Amino acid sequence: MSAQQEFLKKNEAYVAAFDKGHLSLPPSKKLTVVTCMDARIDPAASLGIELGEAHVIRNAGGSARDALRSIVISQRLLGTREVAIF
């Protein structure tokens, strides 16, 4: 089975069990985290962030400059007030 096919099956199961629709779209901690895309790092687990608490933007090297567009959207449209670079 290809990765794409596996993702589709896993996503169907995730959607069927999803019970977090009550969470607001803006993150509750008004926080954006910019971090490296290193697949060995789980930003939520390493920083103690729960689902719905922060926007997590991942890119090569955790570069804020490269993430600027997403940071602006997070702040201007979704009300985040703090950016943490990790």
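(A) Broad picture of unusual backbone geometry. Positive phi values are uncommon outside glycine, yet Lys30 reaches one of about 50°. Among the structural elements, Lys30 can be located in the loop between helix H1 (3-17) and strand S1 (31-36).

(B) Representation of the pattern of salt bridges within the structure. Summed over the entire model, instances satisfying the criterion amount to 3 salt bridges. Where Glu53 meets Lys29, a salt bridge forms, and the shortest distance between an N and an O atom there is 3.6 Å. Residue Glu53 is located in the loop between helix H2 (43-47) and strand S2 (54-59), and its partner Lys29 is located in the loop between H1 and S1; the two are separated by 24 residues in the primary sequence. Look at Glu53 and you get buried, because its relative accessible area is 16%. Arg40 is the salt-bridge partner of Asp38, the closest N and O atoms lying 2.6 Å from each other.

(C) Main features of the sheet that holds S2. Taken in spatial order, the 3 strands of this open sheet run S2-S1-S3, and their pairing is parallel. One side of each edge strand has no neighbouring strand; the edge strands of this open sheet are S2 and strand S3 (82-85). In this sheet, neighbouring strand axes are inclined to one another by 20° on average, regardless of whether the strands run parallel or antiparallel.

(D) View of the pairing of S1. Taken across its 6 residues, S1 has 5 buried, putting it largely inside the fold. Sheet topology note: the S1/S2 ladder contains 6 bridges and is parallel. Following the sheet pairing, Thr35 is matched in S2 by Arg58. Sheet topology note: the S1/S3 ladder contains 4 bridges and is parallel. Opposite Val34, over in S3, you have Ile85 as the bridge partner.

Each value, and the rule that gives it
Residues numbered from 1 in each chain as written. Predicted model: local features only at pLDDT ≥ 70, side-chain atom pairs only at ≥ 80, totals over all residues. Heavy atoms only, no water. Helix = DSSP H or I, 4+ residues; strand = E, 2+ residues; numbered from the N terminus. Salt bridge = Lys/Arg side-chain N within 4 Å of Asp/Glu carboxyl O. Buried < 20%, exposed > 50% of the residue type's maximum accessible area, 1.4 Å probe, protein only. Pairing = 2+ DSSP bridges. Axes fitted to C-alpha atoms, helices over the stretch in contact; angles between N-to-C directions.

By themselves, these figures tell us nothing about what the structure is for.
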